[in-house]
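As a plain string of letters, each chain reads:
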Amino acid sequence: MRARINSVTDFTPAESRVAEFYLSSLPGAAFLNLAQTSQASGVSTATVTRFAKRLGFDDFRALSNWLMEGARRELEKPKDRRISASIADHPLSHTFTRAESDLRTSLASLNAVSFERTIDLVTDGSRPLYLAAVASGQPLMEHFALLLGYLRGNIQVLDGVDRWPHQLAGLDEHSVVLAATYDRDPLPVIGLLQMTGEVGATSIIITNQHRSPLVRMADVNLTTTTERGSMFGSRIATLCVLEGILDAVSRAIDGVENRAEVIERMFSTLSIHPQGHH
C-alpha cells in the first residue's frame, strides 16, 4: 500500500487525508467499508472512491478486496513456530484471528477525542455513573462495574429493565450514563438515552453499529467495528474498550491504591475470596 501511495505525487488535500489514514491504520482499516472509511478519514465517500481510482483500482470495492486479502495473509501468518499444525488449523485459531481483526479495525474506527472525554466523565467520582446493557452485554457491564468499584464509588448498574425506573429515580443533569449495545438498538436503551437527554445528563454509548440511532442520541460515541465471522459474533472489541477505560481511569484517579486497599482488607476481614481479582 505504501508503494502505491508513494507512486502518486499530486493527491488533493482531501485525498492525502485518506492516504494518511491508511498508512497509520492498516491492516485494521482494510476491513472497513466505504462509509466507515469515509467517517474515519474525515472525507466524503466520493473522495475515498477517487482515492481508490488514483491508486489504479476500478472502484473502492476493488481496493477493499485487495487490502483485505493482504491483511488476512498477514494475520494468518504463524506468530510462533512452536504452535503445532493441529492447533494452527483448529477452529480456535480462526476465532483468535477474527478477534485480532476486530480489535485492529475497532482501533482504527474509534475516536480518540471521544475516548478521552469518556475517561474524564468516568473519572469524576462526584458524578453518579449509571451503567446499562441488555442481553449478552449485561455480564460485560457487571464485570466492568465490579472492577471500576476498585477505582471509584457512586456507581449504579442497571441490572434488569423492570427495575430500571427504580434505579434511575435519582438521574439528573449531574449524572453520567454509559450504555453498551451489540448488533441491535434495544428499545430500553433508546428510551434510556431519551430520558438522559430530557434531564440534561451526559450519555456515552459503546456500539458496533455505526449507523445506529443511538450514535446520534448520545453525547459521546465509542464505535467499534466487528466482522460477522461466526453465528454469535464477537464482543471482544466491546470488552477491550471497557478494559481500556479501566486502565485509563486507574492512571487518572488519585487515591486509587487507598480505595483498593480498603476493599482488599474487607475481603480479608470477611474471609471472602473473590473470583475476580483486580
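Being a predicted model, the structure only gives us computed values, none of them experimental.

(A) Molecular detail of the overall build of the protein chain. When helices and strands are counted, the protein chain shows 14 helices and five strands. Taken across its 278 residues, the protein chain has 43% of its residues classed as buried. With the model as given, the accessible surface of the protein chain reaches about 15200 Å², and the carbon-plus-sulfur share is 53%.

(B) Summary view of the sheet that holds strand E1 (residues 129-132). The strand order across the open sheet built from five strands is E2-E1-E3-E4-E5, with neighbouring strands paired in parallel fashion. On the outer flanks of this sheet lie strand E2 (155-158) and strand E5 (220-223), each paired with one strand and no other. For this sheet, the mean inter-axis angle between neighbouring strands, taken without regard to orientation, is 15°. Examined bridge by bridge, strand E4 (residues 202-207) and E5 share four bridges and lie parallel to one another. Directly across from Ile204, in E5, lies its bridge partner Val220. Packing of helix H9 (residues 137-148) onto the sheet brings it into contact with E1, E2 and strand E3 (176-180), and relative to E2 it is tilted by some 165°. Sheet strands in contact with helix H13 (residues 236-252) are E3, E4 and E5, and its direction is about 140° off that of E4.

(C) Region of the structure containing a nonpolar patch on the surface. A cluster of nonpolar side chains, Val262, Met266, Leu270 and Ile272, forms an exposed patch at the surface whose accessible area comes to about 360 Å². For Met266, the location among the structural elements is in helix H14 (residues 256-269).

(D) Geometry of the packing of aromatic side chains. The tally for this structure, following the rule as stated, stands at four aromatic pairs. When the centroid spacing of 5.6 Å and the interplanar angle of 55° are considered together, the rings of Phe21 and Tyr22 count as tilted. Accessibility classification places Phe21 together with Tyr22 in one group, the buried group. Judged by centre distance (5.4 Å) and plane angle (45°), the ring pair of Phe57 and Trp66 falls under tilted. Judged by its relative accessible area of 11%, Phe57 falls in the buried class. Take Trp66: its relative accessible area is 34%, and that puts it in the partly exposed class. Among the aromatic residues, those joined into a ring-pair cluster are Phe11, Phe21, Tyr22 and Phe51. Above the plane of the ring of Trp66 lies Arg4, whose end atom (NZ or CZ) is 4.8 Å from the centre.

(E) How the structure looks around the packing of helix H2 (residues 13-25) against helix H3 (residues 34-41). For the pair H2 and H3, interaxial distance at closest approach is 9 Å and the crossing angle is 100°. In terms of axis orientation, H2 runs roughly perpendicular to H3. Here H2 contributes Arg17, Val18, Phe21 and Tyr22 to the contact with H3, which in turn contributes Thr37, Ala40 and Ser41. Each residue belonging to the contact of H2 with H3 can be placed in one class, and the counts come to four nonpolar, two polar and one charged.

(F) Fine view of the packing of helix H8 (residues 112-123) against H13. Look at H8 against H13: their axes get within 9 Å of each other, and the N-to-C directions meet at 60°. What the angle tells us is that H8 and H13 run oblique. The handedness of the crossing between H8 and H13 comes out as right-handed. Two secondary-structure elements touch here, H8 through Phe115, Thr118, Ile119, Val122 and Thr123 and H13 through Val241, Gly244, Ile245, Ala248, Val249 and Ala252. Split by residue class, the contact of H8 with H13 holds eight nonpolar, three polar and no charged.

(G) Looking closely at unusual backbone geometry. In this structure, Asn154 is a non-glycine residue whose phi angle is positive, near 65°. Tracing the backbone shows Asn154 in the loop between H9 and E2. Given the relative accessible area of 42%, Asn154 is considered partly exposed. Unusually for a residue other than glycine, Asp183 sits at a positive phi of about 70°. Relative to the helices and strands, Asp183 resides in the loop between E3 and helix H11 (187-199). With a relative accessible area of 23%, Asp183 lands in the partly exposed category.

About the thresholds
Residues numbered from 1 in each chain as written. Predicted model: local features only at pLDDT ≥ 70, side-chain atom pairs only at ≥ 80, totals over all residues. Heavy atoms only, no water. Helix = DSSP H or I, 4+ residues; strand = E, 2+ residues; numbered from the N terminus. Buried < 20%, exposed > 50% of the residue type's maximum accessible area, 1.4 Å probe, protein only. Areas by Shrake-Rupley, 256 points an atom, 1.4 Å probe, with all protein chains shown as cover. Pairing = 2+ DSSP bridges. Axes fitted to C-alpha atoms, helices over the stretch in contact; angles between N-to-C directions. Contact = heavy atoms within 4.5 Å. Patch = residues over 30% accessible without salt bridge, like charges linked within 9 Å, V, L, I, M, F, W, Y side chains within 5 Å. Salt bridge = Lys/Arg side-chain N within 4 Å of Asp/Glu carboxyl O. Phe/Tyr/Trp six-rings, centres within 6.5 Å; stacked < 30°, edge-to-face > 60°. Lys NZ or Arg CZ within 6 Å of the ring centre and 35° of its normal. Parallel < 35°, antiparallel > 145°, perpendicular 65-115°, else oblique. Nonpolar A, V, L, I, M, F, W, Y, C, P; charged D, E, K, R; others polar. Left-handed = near helix turned anticlockwise from the far one by under 90°.

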